[in-house]
Amino acid sequence: MFGNLFEEDGDEAEGAFSSGGTRVAKAGDEPPAPRGRSKLCGIRNQGGTCYLNSLLQTLLFTPEFREELFALGTDELGSLEDKDKPGAKVRVIPLELQRLFARLLLVDQQSASTADLTDSFGWNSNERTNQHDVQELNRILFSALEKSLVGTSGSTLIHRLYHGIIVNSIACKECGNVSQRQEDFLDLTTCVCGMSSLEEALWSMFVEEELFQGNNLYRCAMCDKLVTAAKSAKLKKLPPFMTMSLLRFSFDCNKCERYKETGRYSFPLTINLRPFSQQTDGDDADYSYELFSVIIHKGGCHGGHYHVYIKDIECLGVWEPAEDDTDKKKAPPKAKQRVKDLPESKLNENDPLSVLTAIIEQEPSKSIRLDQLGQKLMEKLGSSWGKAFKKDYGPIAKFLQSHSEVFMLVSNGAQVALTTESPMSEPPGPAHPPAAAGPQGDTVAELERQQEASHWFDLNDSAVTSIRESDIEKQFQGKESAYMLFYRKSQLQRPTEALSSPHYKVPHHLIQMAQEENVKLQQMREEYEASNNHVELRVHLASSYRLINGALQPINSEPNPGTALLFDRRKTVGEFRLAIYEQQEQWEGDMVVTLAKMLPAGLHLYKTLTDDSVSLCSAGIDTNPDLFVWNGLEVCGASVLTGVEWEPVLLTVVRPSVEARDEPEGPAIDETGDNTNGGEGLKKEARAFAGGATLSEVREALGEPAGSLLCQEQTDAKGGQRAGGGSSGWRMFSPDDMVRTLKELSLKDGDAMLVLEPQSFDNGIFTVNGDVITVMTPSDCRWLQVDFQAQGGGDADERRRVKVPAAGDTLLCEVKQRAIKELQLPGADYCLRQMDSSGKLLPPVSEDLCVRDAGVRLMTTMMLCVGRAPKASQLFLHFSVGSAPPTGILEMDINIEKTCTVKECLQIALNAFGIDGTCWHLRRLDWCEELGEPLNDEDASLSELKINNGETLVISEGRLPPKGFLELSVWLYRGPVSIATDMNHTDNGPAEKDHAADQTDSHPSDLTSVGQVEISVEGSLEDLKTQVLTLPALQNTCAPANFLRAWEMEGRSLARILRGNQITLRKLKITSGSNICVQQLLKAEDLGPKEIVLNVKMGVPGKRCYYPAEELIWDASRDPSPAGLRTFVAESYGLPAASLRLAKQQPHKQTWEEICSWSSQLSKKKKKKKTDSLLGAPFHLKDGDVIGVRNLLIDSKDFDIWEDEQEQTEQQHKGDRAGSSNCAGSQTKAPKRPEVALSINVGVFSSNCH
């Protein structure tokens, strides 16, 4: 179920592996893994067939069913080869079931596929991924088999094994007449709800009587009248196999939803059905049943996963105890200490062969269980086999099998011993039992006693694990609990020859088919192992290299030196050496193979492979695919130092090149070239040196005199080159550093080293300050490009540009003057401005600063613009009149002192624009470049208000209110005057109104501006209402302040009601420029913090419209839940609460959201259930919301009205038109597929069809 949500990976499945690019790509997909240690085969999940897999495994481990199915030959069933022939009557379902059972018994693979079987069912891909019920499948599969086996000797297979009869009786209490009716069954459905056990459910079904009495009488046929009677049921016929289907899923009529019974429901391992049977005179053995299969469902009523617990009656698998039980029973108290005390001299932790051998040798019996071996390996190395070796050597079981000369697997692969100590015995096949020892090395007698006990397995799709009988009790309750129980009569005994024999009564042609598949699988695995173990090595011959400064360099400059060779990594070093020797016929002397690695400095040698018996895999070729073949002493007459400590380092040697100093436009330094003689004053050369060489040896190798200085380039804190400045700094190595090696000095590939002679300080290029040398070269004295565009110029081609030489300490005023001079511009004020990545001009830079301090990067472009550059104490500000740029009436750039106040700044800007008057103020732009808050504090300086350089200020018309005052715009709602209604509703019901079809909008649209008021921020809401009443437009309004309701507006809609007449405007968070709307009431109002003003509309019965809205005030502090609101509305209208349906209107979506209870969650902190509150998610009720009401007693219409549908249709048409341009590439979401009942297609067969 649920696709691959519950799909398991195989225990021994391996993914593709690649190490260092040396592993060869696989020729094909990985073959199926062999069976695990249980020697039982699982079934692969096709996406949602876990329920089918559980039932098929149960039928497989029902030997009587399996053998009778195998007894049907091709003369009765036909042949699958003829199924496509016209007119052929081939019974495909039983044939595919035979083949599947044969594969599960005999084919050595971890899991089998049911694709052929489900194809015979007629299932498509949807039915393989849809979830279905296993109890339903049980009945449908048995029905399909009965239809498929019509006319064969197996036509009564299902009837003989699973068919039972129930007798239902009704006994008249007056005349004693008994009326009986028989009922056939293949499985018994037992109740779980209200029951604690299977026995209790069976007792309720077959022992207790149901009385017909009182108003529920029974009409007796003999008495011909209504009489008192008793109804009962008994089992008349007991089948050999009794299937119990547990009713775990029930329906809650109150909530109208399904749910799963997860309470405790026990069931016995053996059960006696005598108390429930009609005939009770037989022996106990006739009524005794043993549990052998439990199908388990994990999840809820809408989905989950199935797996099955099965008792291995015939001992086909190898049962093992749980690992924790094994450790407690087998591991001696000092096992961990004994493993840790292994001699380190005998243990190579990088060689799994050495590690495993040492661990087994410490055991007294020289053998150990495979699971204990993995545990002790973890204790010794600190990591598991999967983390340490699986990537290179595969699963531990495969590694042991591939080294059969060292290890011997016994007890069906459950125990491993060394070949020199363990007895010689053939390891059994994939499905054969142990010969002389049990899973823990027990004797045959002990094994027989174990087989008499319970041997249970958990078959979970592809995975098969051993479990204990006590684990079944864990499935009595919970979300993962028993769902179907399968019992078999205790009288059914298996013959001795059937025990531990998977071939028993399997037809010869199916055995032959399984053998052929095993051969094919073995070939696939061998080919896969061969391809997976071939690595591509790169062999380097000593005759092709020479030693230069501690690194091996190829004599001929080739991009990929060395010869590629494909070789099996499982072969030994001796075999590899022999293969090389055969290719090199002219080789003379000793041949030594050494692991090598290609470094930036050249090829370096590491470990020499001296042991010819070690495999290449153990030698470490996965991490070092390069092998160097030489005589082990010298290369071209030079001795080679090997090892990590002698790894060569590639350094960039820098020398002065003074003759090129006067070429400012010379080429840049090539950082990657081997020998670059640039024209910028420094010459660079890449040289390799041995990591173990000292600085004195490096200086000698460079041919420099003893007095020469070696310097290392300084870096910043982040490890990069020193930033800024126009000069580069170097640190001199001290005399003590000259005797230290490159490794000790932490020099790495790519580091630069400056080499200076003492006379170099005479030319002025190099300056010394302590141990720091500063190099002033043309490479640090670069340039800046200055562009100028005349006013009115539109084309970039009209721009004039000049390249001005500049250094890090060059003043920007010098750059500007030189650019003006070279561009021959007339005398005027100019400034330099940088551009961002989008081409937008940035504020001018201060010309008093140098290039470095101003943050200007060399070799970039600056614009020369008309205007005066700001000083260090000034801000460059952009002013716009009326609105934000670019829609402003006038715009101008002005330099303002940072210490100027807002009032002074405004006056400077007004003078610059030539604007008169005092009714102006300044506003900043918000984050989205729109008009923002005004600068109210006119006495504050620009720096105090954190006005930044380059910011835009808008000059807006209107005088600012005094400090501490607010200027508010006032609106009047001129809708119909409403009376706020509380719990005591006295008006006539809305059904008595004539204008029932009218509908008013919840947010009034007839708003009229009545002026502005100026009020202190410390004034109360009552002061605001009083001042509003003094406006000229409201002089004729005769009402006290508490007869006004004040709303805060957002745009043109009402947002929230301002509560608390004595609360200050500051606490109400009213800001200057806000819009306030007042509404006249017919009575005084003082709303509490949780009193919500709602517009309630009662639906017109039988019509899709509403009566006019009526305003109600709901006190949510009493009960904010949906039930509380429903009770409030019911009391307001005098209606029963149970008959009302409520919904909240969503005006923007033109929909109605019905108000009902929702599932609450538990608070993690308080550990208590949260109350459903309509003030929070998902409804968020607030002032002005529209609530629709439908009276179920007289009205069954939905909440939507015709206007909503028309608006939705219009919005959909607009959306379709807007999205028509993109419809070519869009994909329509497929509608939800309807639920389809489970079915199996079966052909038509007659009784004479063979």
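Just above, that's the structure.
Every value quoted in this text rests on a predicted model; they were computed, and no experiment measured them. Numbering of residues begins from 1 in every chain and follows the order in which that chain's sequence is written. With pLDDT at 70 or above as the cut-off, local features in this predicted model cover only qualifying residues; side-chain atom pairs require 80 or more to be listed or tallied, and sums for whole chains, interfaces and linings still use all residues. By convention in this description, side-chain values take in all heavy atoms of the structure and omit both hydrogens and water.

A closer look at the side chain of arginine 103
Mapped onto the secondary structure, arginine 103 falls in helix H4 (residues 92–106). On the basis of relative accessible area, arginine 103 is assigned to the buried category, the value being 14%. The contact criterion used throughout is that any non-hydrogen atoms of two residues lie within 4.5 Å. With sequence-adjacent residues up to four places away left out, arginine 103 is seen in contact with Arg35, Gln109, Met513 and Glu517. Going along the chain from the N terminus, every DSSP run of H or I of four or more residues is numbered as a helix, and every run of E of two or more is numbered as a strand. The rule is simple: take the accessible area with a 1.4 Å probe, protein chains only, and divide by the maximum for that residue type; under 20% is buried, over 50% is exposed, in between is partly exposed.

Focus: the sheet that holds strand E52 (residues 1053–1057)
Two strands qualify as a pair provided DSSP detects at least 2 bridges between them. Here five strands make up an open sheet; going across it, the order is E50-E49-E53-E51-E52 and the pairing mixed. The open sheet has two edge strands, strand E50 (1007–1016) and E52, and neither has a second partner. This sheet shows a mean twist of 40° between the axes of neighbouring strands, independent of strand direction. Where strand E49 (residues 965–973) and E50 come together, nine bridges link them in antiparallel fashion. In the strand pairing of E50, leucine 972 is matched with threonine 1008. A fitted line through C-alpha atoms serves as each axis, taken over the contacting stretch for helices, and the angle formed by two N-to-C directions is quoted from 0 to 180°. With respect to the sheet, helix H24 (residues 1021–1028) is in contact with E49, E50, strand E51 (1044–1050) and strand E53 (1075–1080), its orientation differing from that of E50 by roughly 125°.

Quick notes on the environment of aspartate 75
Along the polypeptide, aspartate 75 turns up in helix H3 (residues 74–77). Here the alpha-carbon distance between aspartate 75 and threonine 152, two residues 77 residues apart in the chain, equals 9.6 Å.

Description of the nonpolar core
Burial of nonpolar side chains together is a common tendency in soluble globular proteins. To form a nonpolar core, buried Ala, Val, Leu, Ile, Met, Phe, Trp, Tyr and Cys residues must be joined to one another through side-chain atoms within 4.5 Å. Grouped together as the largest cluster of nonpolar side chains are 68 residues, with contacts concentrated most on Phe65 and Phe101. Counting residues per element, this core draws most heavily on H4, at nine residues. Ignoring sequence-local partners within four residues, the contact set of phenylalanine 101 consists of Leu56, Leu59, Leu60, Phe65, Arg66, Leu69 and Phe70. In this structure, Met195, Ala201, Leu235 and Ile467 belong to the second largest nonpolar core, which totals 33 residues.

Examining the side chain of serine 277
Along the chain, the position of serine 277 falls in the loop between strand E13 (270–272) and strand E14 (288–300). Under the rule applied, a polar contact is a pair of N or O atoms within 3.5 Å (in protein, one hydrogen donor and one hydrogen acceptor; residues adjacent in sequence only if both atoms are side-chain atoms). At a separation of 2.7 Å, a polar atom in the side chain of serine 277 contacts the main-chain carbonyl oxygen of leucine 273. Those residues in contact with serine 277 that lie beyond four places of it in its chain are Lys234, Leu235, Leu238 and Tyr287.

As for the environment of histidine 921
Looking at the element boundaries, histidine 921 is found in strand E46 (residues 920–925). Separated by 17 residues in sequence, histidine 921 and glutamate 938 have C-alpha atoms that sit 9.0 Å apart. For histidine 921, the residues in contact, after removing those within four places along its chain, are Leu906, Pro934, Val954, Ile955, Ser956, Glu957, Gly958 and Leu960.

Details of unusual backbone geometry
At the junction of alanine 1177 and proline 1178, the peptide bond is cis and its omega measures out at 5° in the coordinates. One non-glycine residue with positive phi stands out, namely lysine 39, at about 65°. Within the element layout of this structure, lysine 39 appears in the segment before strand E1 (42–43). Judged by relative accessible area, lysine 39 falls into the buried class, the value being 15%. Notably, serine 500 is not glycine yet its phi reads approximately 55°, a positive angle.

Focus on the pattern of salt bridges
For this analysis, a salt bridge means a side-chain nitrogen from Lys or Arg found within 4 Å of a carboxyl oxygen belonging to Asp or Glu. Applying the stated criterion to the full structure yields 36 salt bridges. Where glutamate 685 meets arginine 687, a salt bridge forms, and the shortest distance between an N and an O atom there is 3.7 Å. Glutamate 1085 serves as the salt-bridge partner of arginine 1045, at 2.6 Å between the closest nitrogen and oxygen. With a gap of 40 residues between them, arginine 1045 in strand E51 and glutamate 1085 in the loop between E53 and strand E54 (1091–1098) connect regions that are remote in the sequence. You can call arginine 1045 buried: its relative accessible area is 1%.

Description of the state of the cysteines
Criterion for a disulfide: a pair of cysteine sulfur atoms within 2.5 Å. Tallying each qualifying case throughout the model produces zero disulfides. As a non-bridged cysteine, cysteine 223 has cysteine 175 as the owner of its nearest cysteine sulfur, 3.4 Å distant. For the unlinked cysteine cysteine 905, the closest cysteine sulfur is that of cysteine 900, found at 6.9 Å. We classify cysteine 905 as buried; its relative accessible area is 0%.

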